[in-house]
Amino acid sequence: MKTPEYAATSYVIVVPAEKSDASAALGFAQAYGRVATDIAVTGDAQVWAGVTADTLRKNVQAATSPDAPMISITARSAKPAQAVSMADGVARALVLDSAHVAGNTGVKVVQFSRATKPLTPVSPSAPLSALVGGCAGGLLGGLVLLVRPKRAATRDGARHSRQATAPAATAAVPAPAVATHKAEAV
């Protein structure tokens, strides 16, 4: 019964300056990916996105590639347009922040692709959520029944078990001999 959630992703790439080592771009991409949701970056991004810095930190995630100097910035929101503006706002803030320190780092961040407005939510639908929840509940209930301790025999159960074994014990005792009676002739 949650509000549908939409996700939009923007991509930035870290490029080396003319006399900079190309492998440095990969290291700086990892560093920029770690600070993408910090207050220094989100301070500028909140103005462009129209949300608070706290909302950006909670709803924006940055991911980096281990073999390419690229950063993906994914924002989630109940409104598709807001998800787009948050992702693009953080990407724009990264580009701006890198421009201030490009002389020292030898790299700069460039917008690779802007976020597009999502058409469908990324959160599961209510029927799917109910089905998954019902299945999980049934599975857990079955597991509880399997691992519960066995109950001790009740008094009635013990009495019935003694009666069931009693005839077997008397069957081992030989039956009395039957006397045969002959009629006498008169």
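Structure: above.
Residues numbered from 1 in each chain as written. Predicted model: local features only at pLDDT ≥ 70, side-chain atom pairs only at ≥ 80, totals over all residues. Heavy atoms only, no water.

(A) Summary view of the pattern of salt bridges. Scanning all chains against the criterion turns up four salt bridges. Its salt-bridge partner being Lys58, residue Asp54 comes within 3.3 Å of it at the nearest N-O pair. With a gap of four residues between them, Asp54 and Lys58 both fall in helix α3 (residues 53-59), about one helical turn apart. By relative accessible area, which is 63% here, Lys58 ends up exposed. Each of Asp54, Arg57 and Lys58 takes part in salt bridges that share partners, so that together they form one network. (Salt bridge = Lys/Arg side-chain N within 4 Å of Asp/Glu carboxyl O. Helix = DSSP H or I, 4+ residues; strand = E, 2+ residues; numbered from the N terminus. Buried < 20%, exposed > 50% of the residue type's maximum accessible area, 1.4 Å probe, protein only.)

(B) Region of interest: the sheet that holds strand β4 (residues 107-113). Reading across the sheet, the four strands line up as β2-β3-β1-β4 and stay open at both edges, with antiparallel pairing between neighbours. The outermost strands of the open sheet, each flanked by one partner alone, are β2 (60-64) and β4. Neighbour to neighbour, the strand axes of the sheet diverge by 25° on average, direction disregarded. Its contacts with the sheet put helix α1 (residues 22-35) on β1 (6-16), β2, β3 (70-77) and β4, and the angle it makes with β1 is roughly 145°. (Pairing = 2+ DSSP bridges. Axes fitted to C-alpha atoms, helices over the stretch in contact; angles between N-to-C directions. Contact = heavy atoms within 4.5 Å.)

(C) Spotlight on the pairing of β1. The pairing of β1 with β3 spans eight bridges and is classified as antiparallel. Among the inter-strand pairings, Thr9 is bridged to a residue of β3, identified as Thr74. Here β1 runs beside β4; their pairing, made up of six bridges, is antiparallel. Looking at β4, one finds that Val12 is bridged to Gln111.

(D) Main features of the side chain of Ser72. Considering the arrangement of structural elements, one finds Ser72 in strand β3. When its relative accessible area of 17% is taken as the criterion, Ser72 is described as buried. Non-local contacts of Ser72, meaning those with residues more than four positions away in its chain, are made with Thr9, Ser10, Tyr11, Gln61, Ala62 and Ala63.

(E) Molecular detail of the environment of Val95. In this fold, Val95 is placed in helix α4 (residues 80-105). In this structure Val95 comes out as partly exposed when scored by relative accessible area, which is 25%. Here the alpha-carbon distance between Val95 and Val109, two residues 14 residues apart in the chain, equals 4.9 Å. Once you skip the residues sitting within four places of it in the chain, Val95 turns out to touch Val12, Val109, Val110 and Gln111.

(F) Layout of α4. Taking 1.5 Å as the rise per residue, α4 with 26 residues should run 38 Å; its terminal C-alpha atoms sit 35 Å apart, in good agreement. In α4, a bend of some 45° at Ala99 exceeds every other bend along the element. (Expected span 1.5 Å × (residues − 1). Bend = angle between axes of the 7 residues up to and from the residue.)

(G) Focus on α1. Between the first and last C-alpha of α1 there are 21 Å, a value that for 14 residues agrees with the 20 Å anticipated at 1.5 Å per step. Tucked inside the fold, the buried residues of α1 contact β1, β2, β3, α4 and β4.

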